[in-house]
Amino acid sequence: MESFFEWLQGLSIANWIATDESIWSFPTILFFHSVGMGLTAGVMFIICLRLVGVGAPLPVSSMRMLFRIFWWGFVLNAITGSLLFAAHATITGNQPIYYAKLVLIAVGVVLAFPLQKFVTGDASDGIIPVSVRGIAALALAAWVGVITTGRFIAYLQ
Amino acid sequence: MNLVHLHLLLNHVPTVGTIVALGVLLLAFAKKSDDLFRGAFALFFAIALVSLATYMTGHVAEARMKEKPGIDAELIAVHQSAALLALVFMEATGVAAWFALWQARKPGGRSTWATSSVLLLSVVTIALMANASTIGGEITHPEILAPGEHVSAATGALAPAALKGAAIRYYQFHHPNAWPQLEALHFIGLSLLFGVVLVGNLRILGFMRNAPYIDIHRLLPWGVFGFVINSVTGMLFFVGQAFQYIDNPAFHLKVLFMLLAGANVLYLTLFDDVWALDTGDTAPLTAKILAGSQIFLWIGVIYFGRMLPYIGGAF
């Protein structure tokens, strides 16, 4: 694993991100990663709050297009996140909290599928089943966890 | 003009402004006018936003003034904690006023509970602002004191030690997880706020058309909740480590964008041209332009927030 991190960090793009002094390298990628977080976690918060039953009485079917934002935000953050990781792979790759974040992302993404299935389905504006509410509550907790662990990566080095 | 001038200008907003807004509120009671109630609530909300900048420019004034001859640094510290206490009540008034404004749109109409909270909080705020500004005035004008009069009469509970920058800074430095925990909360608040901003403005821009705006309106308190989380955590960063921010150009732009975006929230809460949007309706062009600008402004806030360590050297 260590040799993989070293190889990754030795790539010229990773080296550029880590060592370039301008705001166009690491800072700009970090900015896009934050916007991606706002898109992914932001719309997922709204979707989950609505499905749990504490959010606004929006028609559930009106939230279908939000999944497009969620997935685009996710793609943006998978790319920017990989670049940020590559720049400091030998450090971040040895942080347990980084793996906690990856697990929580996996949980959030896996749970997005049944939620999307319900919201895009024909019965979305009917009664929300208890199982969907439960999945939404779990997904909400997972994304809160992703943000929290993500923030701690920067401080627990 | 510099940021110290700006502090001398902006300090009239929470002091004189709250008195004017309270006058409008009392007039609204007398005239039983819903328009005047809305006007008073909107004023309190706007004053609460500007007061954040009033407080923060105060730290710039402190940094520039405390070394000057004839300036009592201790008095500045007293003024600062009195001002922070007043700010806490000012922001509580602003949130209550926003809530009253939002509540007034509900079928039941304006809530007495929210209205009385605004009234009560604003009276306390005016008293605390008067206290803070009295001390503030004496920093550069000690000559206005009567013979034998001491400014220290205004300290104690009205300038609590826990609200001193030094106390907050001590906590941040002595609890290794305090800073990252506040950061995590700040980013959770950001996501919640940004999510509501996106959904609300996307509806106005023409997406999610099978949702009537009334339903979007019910969502707004979640966005304001995110904004409150971020104001509290953000102010804790600022008060504890003001030296990182007061000369940081990214921070100045972040605050400017935030104030503009915050004012835009009033539009989503108050204005009839978006309120009237029913299922399937298209918003007028002006509403779409404002909706687009609001998304842009909040992305700007994220940008300058993220750039704090890189453009301005904050950690």
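1. Concerning the overall build of chain A
And step 1. Helices and strands together make up the secondary structure of chain A, namely seven helices and zero strands.
And step 2. The order of α-helices and β-strands along chain A, N terminus first, is α-α-α-α-α-α-α.
And step 3. The principal-axis extents of the C-alpha atoms in chain A amount to approximately 55 × 30 × 20 Å.
And step 4. By the burial criterion, 50% of the 157 residues in chain A qualify as buried.
And step 5. Residue pairs at least 24 apart in sequence account for 79% of intrachain contacts in chain A once pairs closer than 6 positions are excluded.
And step 6. As displayed, chain A has an accessible area near 7,200 Å², and 71% of this comes from carbon and sulfur atoms.
And step 7. For chain A, the centre of its 7 positive side-chain charges and the centre of its 6 negative side-chain charges are spaced 20 Å apart.

2. Brief notes about the overall build of chain B
And step 1. Scanning chain B from N- to C-terminus turns up 13 helices and zero strands.
And step 2. Taken against the 2.2 N^0.38 rule, which gives 20 Å for 315 residues, the C-alpha radius of gyration of chain B at 21 Å falls within 12% of a compact globule.
And step 3. Taken along the three principal axes of its C-alpha coordinates, chain B extends 70 × 50 × 35 Å.
And step 4. When burial is assessed residue by residue, chain B has 53% of its 315 residues classed as buried.
And step 5. Pairs at least 24 apart in sequence give 81% of the contacts found in chain B among residues at least 6 apart.
And step 6. In the structure as shown, chain B presents an accessible area of about 13,800 Å², 71% of it carried by carbon and sulfur atoms.
And step 7. Computing the positive centroid from 17 side-chain charges and the negative centroid from 17, chain B places the two 8 Å apart.

3. A few points about the interface of chain A and chain B
One frequent convention defines the size of an interface as the accessible area lost when the parts assemble.
And step 1. The partner chain B presents 34 residues to the 36 residues of chain A that form the contact.
And step 2. Summing both sides of the interface, chain A and chain B together bury roughly 3,100 Å²; the carbon and sulfur share of this comes to 81%.
And step 3. Viewed at the interface, chain B and chain A are joined by one salt bridge.
And step 4. Here Arg151(A) makes a salt bridge to Glu183(B), at a shortest N to O gap of 2.9 Å.
And step 5. At the boundary of chain A and chain B, one finds four residue pairs in polar contact (both at pLDDT 80 or more).

4. Here's the deal with the packing of aromatic side chains
And step 1. For the structure on display, the rule yields 27 aromatic pairs over all chains.
And step 2. Note on Phe70(A) and Trp71(A): the rings are 4.9 Å apart at their centroids and 80° apart in plane angle, and the pair reads as edge-to-face.
And step 3. Taken together, Phe4(A), Phe5(A), Trp7(A), Phe85(A), Tyr98(A) and Tyr99(A) form an aromatic cluster joined through their ring pairs.
And step 4. Cation over ring: Arg151(A) sits above Phe187(B), and NZ or CZ is 4.4 Å from the ring centre.
And step 5. Directly above the aromatic system of Phe37(B) lies the positively charged group of Arg110(B), at a separation of 3.6 Å from the ring centroid.

5. Description of the packing of helix H3 (residues 26-52) of chain A against helix H12 (residues 285-306) of chain B
And step 1. At a minimum axis distance of 9 Å, the contact between H3(A) and H12(B) shows a crossing angle of 140°. Classified by the interaxial angle, the pair formed by H3(A) and H12(B) is oblique. The hand of the H3(A)/H12(B) crossing is right-handed. Here Leu30(A), Phe31(A), Ser34(A) and Val35(A) of H3(A) come into contact with H12(B), specifically with Ile299(B), Ile302(B), Tyr303(B) and Arg306(B).
And step 2. Per-class residue counts for the contact of H3(A) with H12(B) are six nonpolar, one polar and one charged.

6. Thoughts on unusual backbone geometry
Residue and element names in this part refer to chain B.
And step 1. In this structure, Lys 32 takes a positive phi of about 50° despite not being glycine.
And step 2. Mapping Lys 32 onto the fold places it in the loop between helix H2 (12-31) and helix H3 (34-65).
And step 3. A positive phi angle, near 50°, is found at Met 208, a position not held by glycine.
And step 4. You can see Met 208 is positioned in the loop between helix H7 (178-205) and helix H8 (213-217).

7. Observations concerning helix H9 (residues 220-240) of chain B
And step 1. Counted at 1.5 Å a residue, the expected span for H9(B) with its 21 residues is 30 Å, and the 30 Å between its end C-alpha atoms agrees.
And step 2. A large share of H9(B) lies buried, amounting to 15 of its 21 residues.

8. Focus: the nonpolar core
And step 1. By size, the foremost hydrophobic cluster in this structure holds 134 residues, and its most contacted members are Leu51(A), Leu66(A) and Phe238(B).
And step 2. Looking at this core element by element, the count peaks at 16 residues for helix H4 (residues 73-103) of chain B.
And step 3. Not counting the four nearest positions on each side in its chain, Leu51(A) is found in contact with Val60(A), Leu115(A), Phe118(A), Val119(A), Ile128(A), Val132(A), Arg133(A) and Ala136(A).
And step 4. Counting residues in hydrophobic clusters, the runner-up holds 10 residues, among them Phe85(A), Ile97(A), Tyr98(A) and Phe152(A).

9. Looking at the packing of H4(B) against H9(B)
Residue and element names in this part refer to chain B.
And step 1. As a packed pair, H4 and H9 sit with axes 11 Å apart at the nearest point and diverge in direction by 170°. Regarding the angle of H4 to H9, the classification is roughly antiparallel. Between H4, through Leu 84, Leu 87, Val 95, Trp 98 and Trp 102, and H9, the contact on the second element is made entirely by Leu 220, Pro 221, Val 224, Val 228, Met 235 and Val 239.
And step 2. Residue classes in the contact of H4 with H9 are distributed as 11 nonpolar, no polar and no charged.

10. A closer look at a nonpolar patch on the surface
Residue and element names in this part refer to chain A.
And step 1. Nonpolar side chains collect at one region of the surface, where Met 1, Phe 4, Trp 7, Tyr 99 and Leu 102 lie side by side and expose about 550 Å² of accessible area between them.
And step 2. Sorting the residues of the nonpolar patch by element identifies helix H1 (2-10) and helix H6 (96-120) as the ones contributing at least two each.
And step 3. As for its placement among the helices and strands, Leu 102 is situated in helix H6.
And step 4. Residue classification places Leu 102 among the partly exposed residues on the basis of a relative accessible area of 36%.

11. Quick word on the pattern of salt bridges
Residue and element names in this part refer to chain B.
And step 1. The final tally for this structure, using the stated rule, is five salt bridges over all chains.
And step 2. Where Asp 34 meets Arg 110, a salt bridge forms, and the shortest distance between an N and an O atom there is 3.8 Å. Of this pair, Asp 34 sits in helix H3 while Arg 110 sits in the loop between H4 and helix H5 (112-140), placing them 76 residues apart in sequence.
And step 3. The class of Asp 34 is partly exposed, set by a relative accessible area of 46%.

12. Examining the environment of Arg50(A)
All names here are of chain A.
And step 1. For Arg 50, the location among the structural elements is in helix H3.
And step 2. Distance from Arg 50 to Ile 17, taken between C-alpha atoms, is 39 Å for residues 33 residues apart in sequence.
And step 3. Non-local contacts of Arg 50, meaning those with residues more than four positions away in its chain, are made with Gly 55, Ala 56, Pro 57, Leu 58, Val 60, Met 63 and Ile 128.
And step 4. For Arg 50, the side chain forms a polar contact with the main-chain oxygen of Leu 58, separated by 2.5 Å.

Each value, and the rule that gives it
- Residues numbered from 1 in each chain as written.
- Chains lettered and ligands numbered in written order.
- Predicted model: local features only at pLDDT ≥ 70, side-chain atom pairs only at ≥ 80, totals over all residues.
- Heavy atoms only, no water.
- Helix = DSSP H or I, 4+ residues; strand = E, 2+ residues; numbered from the N terminus.
- Buried < 20%, exposed > 50% of the residue type's maximum accessible area, 1.4 Å probe, protein only.
- Contact = heavy atoms within 4.5 Å.
- Areas by Shrake-Rupley, 256 points an atom, 1.4 Å probe, with all protein chains shown as cover.
- Lys, Arg positive; Asp, Glu negative; His and termini not counted.
- Charge placed at Lys NZ, Arg CZ, Asp CG, Glu CD.
- Rg over C-alpha atoms; globule rule 2.2 N^0.38 Å.
- Buried area = accessible area lost by both parts, 1.4 Å probe.
- Salt bridge = Lys/Arg side-chain N within 4 Å of Asp/Glu carboxyl O.
- Polar contact = N/O pair within 3.5 Å; in protein donor to acceptor, adjacent residues only side chain to side chain.
- Phe/Tyr/Trp six-rings, centres within 6.5 Å; stacked < 30°, edge-to-face > 60°.
- Lys NZ or Arg CZ within 6 Å of the ring centre and 35° of its normal.
- Axes fitted to C-alpha atoms, helices over the stretch in contact; angles between N-to-C directions.
- Parallel < 35°, antiparallel > 145°, perpendicular 65-115°, else oblique.
- Left-handed = near helix turned anticlockwise from the far one by under 90°.
- Nonpolar A, V, L, I, M, F, W, Y, C, P; charged D, E, K, R; others polar.
- Expected span 1.5 Å × (residues − 1).
- Core = buried A, V, L, I, M, F, W, Y, C linked by side-chain atoms within 4.5 Å.
- Patch = residues over 30% accessible without salt bridge, like charges linked within 9 Å, V, L, I, M, F, W, Y side chains within 5 Å.

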